[in-house]
Amino acid sequence: MCGIIGYVGEQEAAPILLDGLRRLEYRGYDSVGIAVLEKNGGLTIQKRAGKLEGLAAGIGQRWPRGRQGIGHTRWATHGKPTDVNAHPHTDCTGNVVVIHNGIVENHQALKQRLLAAGHTFTSETDTEVIPHLLEEYMREGLDLHGALARALGELAGAHAILAMSTSEPGTVVAARAGNAGGVVVGYGQNANYLASDLPAILPHTRWAVFLQDGEIARVTQREVTYSRDGLRLEREPQELPYDPVSAAKGNYKHFMQKEIAEQPEAILDTVRGRALFAESRVELEDVALTRAQMEGIRRVVLVGMGTSLHAAMVGRYYMEKIAGLPAEVDNASEFRYREPLIGPDTLLVSVSQSGETVDTLAAMEEGRRNGSPQVTVCNVIGSQAARIADGVVYTRCGLEIGVASTKTYAAAISALYLLACYLGQERGLIDPERMGGLLAPLARLPYLTGEVVKRSPEFERLAHLFFRCENFLFLGRGLQYPVAMEGALKLKEVSYIHAEGYPAGEMKHGPIALIDREMPVIALVPRDHLREKMMSNIEQVKAREGTVIALATEGDEELEDKADHVIYVPEVAPLLAPVLTTVPLQLFAYHVAVRRGCDVDQPRNLAKTVTVE
Ligand code: AGP
């Protein structure tokens, strides 16, 4: 979590840092700050609690003048979101300045040691020990890079760190240790950049290096050098396939609204060139499992968190129904701690938009320790998940900026569908005829998704009827159960309404006690083999005077008599219905949140990428 930016070049640093932070604010927005090394050699820090707009308004045109600096937007872990706890943090002399993403797990012990050595602290953060450690080691004669390398060996936990010192003008150093989120080095024209994430550097460059675990970068205007464990490394920048336009809102009011509308394209791009419709084949260029690994798979375990977990839940059906493999799905944060019984015969499939979610990465490490082959479904090229896994199916969505995931969910489901087809094909279970039948509905999915997106005004009208409700229940069965979970998650994330997603069969076992006129029930009833069961559940809600909003397949008029409101989606193969039925729920949540005046793209307390446990 937390957004990090650094700059060294020939232009004024402060506007570049502020612009970069604006693009990274989705990573955390409890407080914000910048540090600029001024032309006169002094270090100026401007920081405050709250969002960037407050800091930017306070600075106005009086920004500190200097051509190198670092900036941070915080998601608070240790210490409240106050001005004092905002990053950057300095040492006692004010000559060393640090920004940090991660948790210094041994900060108490380090602080005691530093206090005993005469250091004084001003904040409640764990981060503040880092500049004091750097000060200590630089006093002993190390340069900034050497001091950071030594400090890194002492910090428990996972970290992304940027530091500057008045004694080394023209240099910013950066380090990555473990899975606290990435550090990307961007190569510009007479300038170099550092950031936690790509949106901050895309307006300046398309060439970058992603720091790996244990690596340190020393960045000046003209040169970047890399090291690990004291040894110099050679790293070549790679070209980024992202378009800077995708980091802009365009004509949309919010990123969430734009990203919902981009779903047809996201699905199309994810499927393009992989589903070979004419040949009835699937090719996944980056799933490089050996023949022995492929043939040795006896079951699949899928992991993820939040929306990615919901996509993984859909994926479990695909692994069973399409690939013919027994499949389980687990919340990644639980998986790692229950010492799961997995081995080389278990294919571990992780789903993560960012590829940096710490719980998902830890589950992947667990898989690696147990010798399980791994495939990750991920949106960010070069992310840690992509590096850990044996194979990757990238969701080709471009950047997703809204904190609430939308287009990456649709694309992840499409990618999991392809992966299941591929596994079935490579394991000799799916012949071309069956594959043709599986791929045909996928070809229509982008168009049908677009048809649902077009109905946004209809969902907006519905949102206006219900935006004052404080509780919602979402019910689904089979493949619609994960959709119910996702619909509830979207609503709570962006509108702060309490919502629960349940398998409809579970309703009778407790949740039914909640039903009254005040709590609408959203029932997912597309035409599939569980429709009749869902109809009975709707009757049970109506018998208790509940209000039902049903989501059904076009032409299913019987629901008009049963439910209070009906939303229709086009007919599609039941396996792919979760994509279509989620779109109205995303748009409903969006319009409810807008109507309630919520900050849709930056909901309170959340961060886009969760890099702490
Ligand atoms: C979804 O809207 C949330 N932003 C959140 O649940 C998210 O899906 C989760 O944190 C996992 O993130 P990842 O996909 O980057 O791993």
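Up top you'll find the structure we're talking about.
Residues numbered from 1 in each chain as written. Predicted model: local features only at pLDDT ≥ 70, side-chain atom pairs only at ≥ 80, totals over all residues. Heavy atoms only, no water.

## Here's the deal with the sheet that holds strand β4 (residues 68-74)
If you trace the eight strands from one edge of the open sheet to the other, you get β3-β2-β4-β1-β10-β9-β11-β15, paired in antiparallel fashion. Sheet topology places β3 (43-49) and β15 (238-239) at the edges, where each strand pairs with a single neighbour. Here seven bridges tie strand β2 (residues 31-37) to β4, and the two strands are oriented antiparallel to one another. The partner of V36 across the bridge, within β4, is G69. Running over the sheet, helix α1 (residues 13-24) touches β1 (3-9), β2, β4 and β10 (191-195) and is turned about 155° from β1. (Pairing = 2+ DSSP bridges. Helix = DSSP H or I, 4+ residues; strand = E, 2+ residues; numbered from the N terminus. Contact = heavy atoms within 4.5 Å. Axes fitted to C-alpha atoms, helices over the stretch in contact; angles between N-to-C directions.)

## Looking at unusual backbone geometry
Going from H87 to P88, the amide bond is cis rather than trans, its omega being 0°. Tracing the backbone shows P88 in the loop between β4 and β5 (89-90). In this structure, E545 takes a positive phi of about 65° despite not being glycine. You can see E545 is positioned in the loop between α17 (531-543) and β26 (548-553). Judged by its relative accessible area of 47%, E545 falls in the partly exposed class. Even without being glycine, N605 reaches a positive phi, approximately 70°. You can see N605 is positioned in the segment after α19 (577-595). Judged by relative accessible area, which is 58%, N605 ranks as exposed. (Buried < 20%, exposed > 50% of the residue type's maximum accessible area, 1.4 Å probe, protein only.)

## Comments concerning the sheet that holds strand β7 (residues 159-165)
Taken in spatial order, the seven strands make up an open sheet running β5-β6-β7-β8-β12-β13-β14, and their pairing is antiparallel. Either end of the sheet is taken by a strand with one partner, and the two such strands are β5 and β14 (231-233). Strand direction decides the pairing type here: strand β13 (residues 224-228) and β14, joined by three bridges, are antiparallel. Residue Y226 lies in a different strand from β14, and its bridge partner there is L233. Against the sheet, helix α4 (residues 129-139) makes contact with β5, β6 (96-102) and β7, and its axis sits at roughly 135° relative to β6, the strand it touches most. Relative to the sheet, helix α5 (residues 144-152) contacts β7, β8 (172-177), β12 (215-219) and β13, its axis offset from that of β8 by approximately 20°.

## What to know about the pairing of β2
Extensive coverage of β2 is indicated by the burial of seven of its seven residues. Where burial is concerned, the two faces of β2 agree: the one with S31, G33, A35 and L37 and the one with V32, I34 and V36 are both buried. Of the pairings in the sheet, the one linking β2 to β3 comprises seven bridges and is antiparallel in character. What sits directly across from L37, in β3, is L43.

## Structural notes on the packing of aromatic side chains
Here the structure, examined in full by the defined rule, presents five aromatic pairs. Arranged with centres 5.1 Å apart and planes meeting at 90°, the rings of Y318 and Y417 form a pair that is edge-to-face. Of the two residues, Y318 sits in helix α9 (residues 306-321) while Y417 sits in helix α13 (residues 407-426), which places them 99 residues apart along the sequence. The same class applies to Y318 and to Y417, which are both buried. The rings of F466, F472, F474 and F588 are connected pair by pair, giving a single aromatic cluster. Here the guanidinium or amino end of K51 rests over the ring plane of Y29, the centre of that ring lying 4.9 Å away. When the ring centre of W63 is taken as reference, the NZ or CZ atom of R65 above it lies at 3.7 Å. (Phe/Tyr/Trp six-rings, centres within 6.5 Å; stacked < 30°, edge-to-face > 60°. Lys NZ or Arg CZ within 6 Å of the ring centre and 35° of its normal.)

## Re the packing of α13 against α19
Across the interface, α13 lies against α19 with an axial gap of 10 Å and an inter-helix angle of 175°. Classified by the interaxial angle, the pair formed by α13 and α19 is roughly antiparallel. The segment α13 lies against α19, with Y409, A410 and I413 engaging P578, V579, T582 and Q586. Of the residues assigned to the contact of α13 with α19, the class counts are five nonpolar, two polar and no charged. (Parallel < 35°, antiparallel > 145°, perpendicular 65-115°, else oblique. Nonpolar A, V, L, I, M, F, W, Y, C, P; charged D, E, K, R; others polar.)

## Considering the layout of surface pockets
In this structure, the largest pocket encloses a volume near 510 Å³. Around the largest pocket, the lining is made up of 24 residues, and of these M305, G306, A607, K608 and V610 lie nearest the centre. When contributions to the lining of the largest pocket are tallied by element, the ones reaching two or more residues are α9, β20 (346-352), α11 (358-369) and α16 (480-495). With three residues, the single largest contributor to the lining of the largest pocket is α9. Broken down by class, the residue content of the lining of the largest pocket amounts to eleven nonpolar, ten polar and three charged. (1 Å grid on protein atoms, 1.4 Å probe; cavity = no way out; pocket = protein on both sides within 12 Å on 5 of 7 lines; lining within 4 Å. Points joined across faces, edges and corners; volume = space filled by probe spheres on them.)

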